[in-house]
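As a plain string of letters, each chain reads:
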Amino acid sequence: MKKILEVQNLVKYFPVLGGVFSRPVGYVKAVDDVSFHIFEGETFGLVGESGSGKTTTGKTLLKLIEPTKGKIIFEGKDISKLSTSEMRSLRKSMQIIFQDPYGSLNPRLPVGEIIREPLLVHKIGTKKEQEERVVEIMKLVGLRPEYLHRYPHEFSGGQRQRIGIARSIVMNPKFIVADEPVSALDASVQAQVLNLLLELQQKLALTYLLVAHNLAVVRHISDRIGVMYLGKLVEVAETKELFSKPLHPYTQALLSAIPIPDPEVKKERILLQGDIPSPINPPSGCRFRTRCRYAKDICAEKEPSLVEVSDGHFVSCHFVKKGPVIEYTIK
Ligand code: SF4
């Protein structure tokens, strides 16, 4: 399979300013040495608690946030050092769907203009061609073309997210970062929007990075999943493998929190102790050690690396490479 995107040792630190001169007094280590790749046509899910660095990773890949260090290779080209103007032409191929469909739509523009805006900015087609494209895309995402002149406030949450999706695909991109695309929607609408994303992926040969905190959402449409904790990638595996054989204690805790709608099935709930530590001063060694029930002395002294323990299954834990130390099955 061909890689469309490769992320090598990505780092993003945000300065914490203090003192009378507003100088950096520390750094929020939001993303700290993260490497992974995404194959053409797949959905790669990125999950973790709030503060894990997943959204920063997604936005950094599109250079909506400048990386501190590391390489982002898109279709064989290193884009990490490209300037804003050089990135402009790449924007046609790389797009984002935002979490809050209402907040990301201009309330003063009718829907047709919102969807047409990227075509105007990039000077693609004549006015007539742009209008035809907007109607075509509206139909594709399940919006009636007669809604063209309506404003965002006249739509439901699900319809607004369809408008956001329409705007992100109007230029025929190849790669889309979907940042919590359904977390602001009612449960009844979530599946419809996820199914629409799947349908569009098949029709338009799209590749997705799906950022979400809800593992059930990620499972629904992801081919592979990466689990992030405090700025680090702790486990990467194919979706089926991750759900049937989670190896990192953090992944196991996340999976144990997913309810199973069958009273006959008993599952141990692993409760994580305390809150996620501050990314300004993360724990030494393994960052998960302050909440890990298997932590030993070595976990505080040495940082584990992300190693491939079986075909395509990567884990960052000192003990997992010798074979899973932890008995865990999800029925
Ligand atoms: Fe837990 Fe240690 Fe493994 Fe980290 S390295 S996940 S603290 S056992």
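Predicted model, so just to flag it, every value in this text is computed and none were measured.

Cut-off values and rules
- Residues numbered from 1 in each chain as written.
- Predicted model: local features only at pLDDT ≥ 70, side-chain atom pairs only at ≥ 80, totals over all residues.
- Heavy atoms only, no water.
- Core = buried A, V, L, I, M, F, W, Y, C linked by side-chain atoms within 4.5 Å.
- Buried < 20%, exposed > 50% of the residue type's maximum accessible area, 1.4 Å probe, protein only.
- Helix = DSSP H or I, 4+ residues; strand = E, 2+ residues; numbered from the N terminus.
- Lys, Arg positive; Asp, Glu negative; His and termini not counted.
- Salt bridge = Lys/Arg side-chain N within 4 Å of Asp/Glu carboxyl O.
- Contact = heavy atoms within 4.5 Å.
- Pairing = 2+ DSSP bridges.
- Near = heavy atom within 4 Å.
- Nonpolar A, V, L, I, M, F, W, Y, C, P; charged D, E, K, R; others polar.
- Axes fitted to C-alpha atoms, helices over the stretch in contact; angles between N-to-C directions.

Draft legend 1. Quick peek at the nonpolar core. If you look at the biggest cluster of nonpolar residues, it comprises 54 residues, and the most contacted ones within it are Ile115, Val141, Ile163, Ile165, Leu200 and Val227. The greatest single-element share of this core, amounting to six residues, is contributed by helix H6 (residues 187-204). With 28 residues, the next largest nonpolar core counts Val7, Leu10, Val177 and Leu233 among its residues.

Draft legend 2. The side chain of Lys12, seen in detail. With respect to the helices and strands, Lys12 occurs in strand S1 (residues 3-18). Among buried Asp, Glu, Lys and Arg side chains, Lys12 stands out as unpaired, with Glu66 the closest opposite charge at 7.3 Å. Beyond its immediate chain neighbours, meaning those up to four positions away, Lys12 contacts Val28, Lys29, Ala30, Val31, Thr56, Thr60, Ile65, Glu66, Pro67 and Thr68.

Draft legend 3. The arrangement of the pairing of strand S3 (residues 43-47) in detail. Here S3 lies mainly inside the structure; five of its five residues are buried. Side-chain alternation along S3 places Thr43, Gly45 and Val47 on one buried face and Phe44 and Leu46 on a second face that is also buried. Taken together, the five bridges between S3 and strand S8 (residues 207-212) define a ladder with parallel strand orientation. The residue bridging Leu46 from the neighbouring strand is Val211, located in S8. As defined by bridge partners, S3 adjoins strand S9 (residues 224-229) across four bridges and the pair is classed as parallel. Across the sheet, the residue bridging to Val47 is Val227, located in S9.

Draft legend 4. Geometry of the site of the ligand. The ligand sits among His248, Pro249, Cys286, Arg289, Cys292, Tyr294, Ala295, Cys299, Cys317, His318 and Phe319. Of the residues contributing to the shell around the ligand, the split by class is eight nonpolar, two polar and one charged.

Draft legend 5. Highlighting the sheet that holds strand S6 (residues 94-97). Taken in spatial order, the eight strands of this open sheet run S6-S7-S8-S3-S9-S10-S12-S11, and their pairing is mixed. Two strands close off the open sheet at either side, each with one partner strand: S6 and strand S11 (307-310). Neighbour-to-neighbour, the strand axes of this sheet turn through a mean angle of 25°, independent of strand direction. Inspection of the sheet shows S11 paired to strand S12 (residues 313-315) by three bridges, in the antiparallel sense. Counted as the bridge partner of Val307 is Val315 from S12. The strands that helix H1 (residues 54-61) touches are S3, S6, strand S7 (175-179), S8 and S9; relative to S8, the one it contacts most, it runs at about 150°.

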